[in-house]
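# Commentary on secondary and tertiary structure
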Amino acid sequence: MGSSINDLEKRIAAFIPDPKQEHDPFILACAKEAFAALREGNFPVGSVLVRDGQVIESGHNRVFTPYFRSDLHAEMSVITAAEDRLRGDPTVHSGSVLYSSLEPCLMCALRLLNSGVGAVFYGAPDPKGGSAAVVDQLPVAREHMGQEARARFAPASCSDELKKLCADLLSPVADKLCALLEQRN
């Protein structure tokens, strides 16, 4: 059973990060970004890029609004913003970690691997479109990056309530937005 948008907003506002869960603050920031996407009529996915324990970029999915852009997934928006801000620096993502409210899709996984991000952690798995289980099989990971240089994709070390919140953010609009995408075919 899904949650209403008002209930989701209250849960986000009331959530207090658990100091024992190292990823709670970052996944909470992702959930807030995902909620902003939901309010705008987009897939409710949010991401933050972190270096040295500080958020250096944040963003959310903007595939449907303000107009259709198939590339404006949360993860890709955050990576693009960091690269635009630090133009010309090929090590822009060295030592950084990307957090996302939802397990990245295959398109985002390829971009994250190519970017050089050190690790990727997500709040909720995406059983329909997540790529964490197949990232090791991608040619870019096998052919162009050594095992130690390749980004790891894993569930975040965060509170169970936060994991549930990230999953519940999808419920109000997922079917409707997926139907919109299917209409293009």
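As shown above, the structure is provided for reference.
A few points on the structure. (Residues numbered from 1 in each chain as written. Predicted model: local features only at pLDDT ≥ 70, side-chain atom pairs only at ≥ 80, totals over all residues. Heavy atoms only, no water.)

## Description of the pattern of salt bridges
- Under the criterion given, the structure shown has 9 salt bridges.
- Taking the shortest distance from any N to any O, the salt bridge between D168 and R11 comes out at 2.8 Å. Within this pair, whereas D168 is found in helix α6 (residues 160-168), its partner R11 is found in helix α1 (residues 5-14), the two being separated by 157 residues in sequence.
- The salt bridge involving K164 is made with D168; its shortest N-O contact spans 3.0 Å. Taken together, the positions of K164 and D168, both in helix α6 and 4 residues apart, correspond to about one turn of that helix.
- The class for D168 is buried, based on a relative accessible area of 11%. (Salt bridge = Lys/Arg side-chain N within 4 Å of Asp/Glu carboxyl O. Helix = DSSP H or I, 4+ residues; strand = E, 2+ residues; numbered from the N terminus. Buried < 20%, exposed > 50% of the residue type's maximum accessible area, 1.4 Å probe, protein only.)

## Structural notes on the packing of helix α3 (residues 74-85) against helix α4 (residues 106-115)
- Closest axis-to-axis distance for the α3/α4 pair is 9 Å, and the angle between their directions is 25°. Relative to α4, α3 is oriented roughly parallel. α4 is crossed by α3, and the crossing has left-handed handedness. The residues of α4 that touch α3, namely those facing E75, M76, I79, T80 and E83, are M107, C108, R111, L112 and S115. (Axes fitted to C-alpha atoms, helices over the stretch in contact; angles between N-to-C directions. Parallel < 35°, antiparallel > 145°, perpendicular 65-115°, else oblique. Left-handed = near helix turned anticlockwise from the far one by under 90°. Contact = heavy atoms within 4.5 Å.)

## Some points on the sheet that holds strand β5 (residues 152-155)
- An order of β2-β1-β3-β4-β5 is seen for the 5 strands of this open sheet, with the pairing classed as mixed. Only two strands of the sheet have a single neighbouring strand rather than two, namely β2 (54-60) and β5. Recorded for the sheet is a direction-independent mean angle of 20° between the axes of neighbouring strands.
- Bridging between strand β4 (residues 119-124) and β5 involves 4 bridges; their strand directions are parallel. From the neighbouring strand, Y122 faces β5, where its bridge partner is P155.
- Along the sheet, α3 makes contact with β1 (46-51), β2 and β3 (96-102), crossing β2 at roughly 125°. (Pairing = 2+ DSSP bridges.)

Interpretation note: all reported values are geometric properties and have no functional meaning in isolation.
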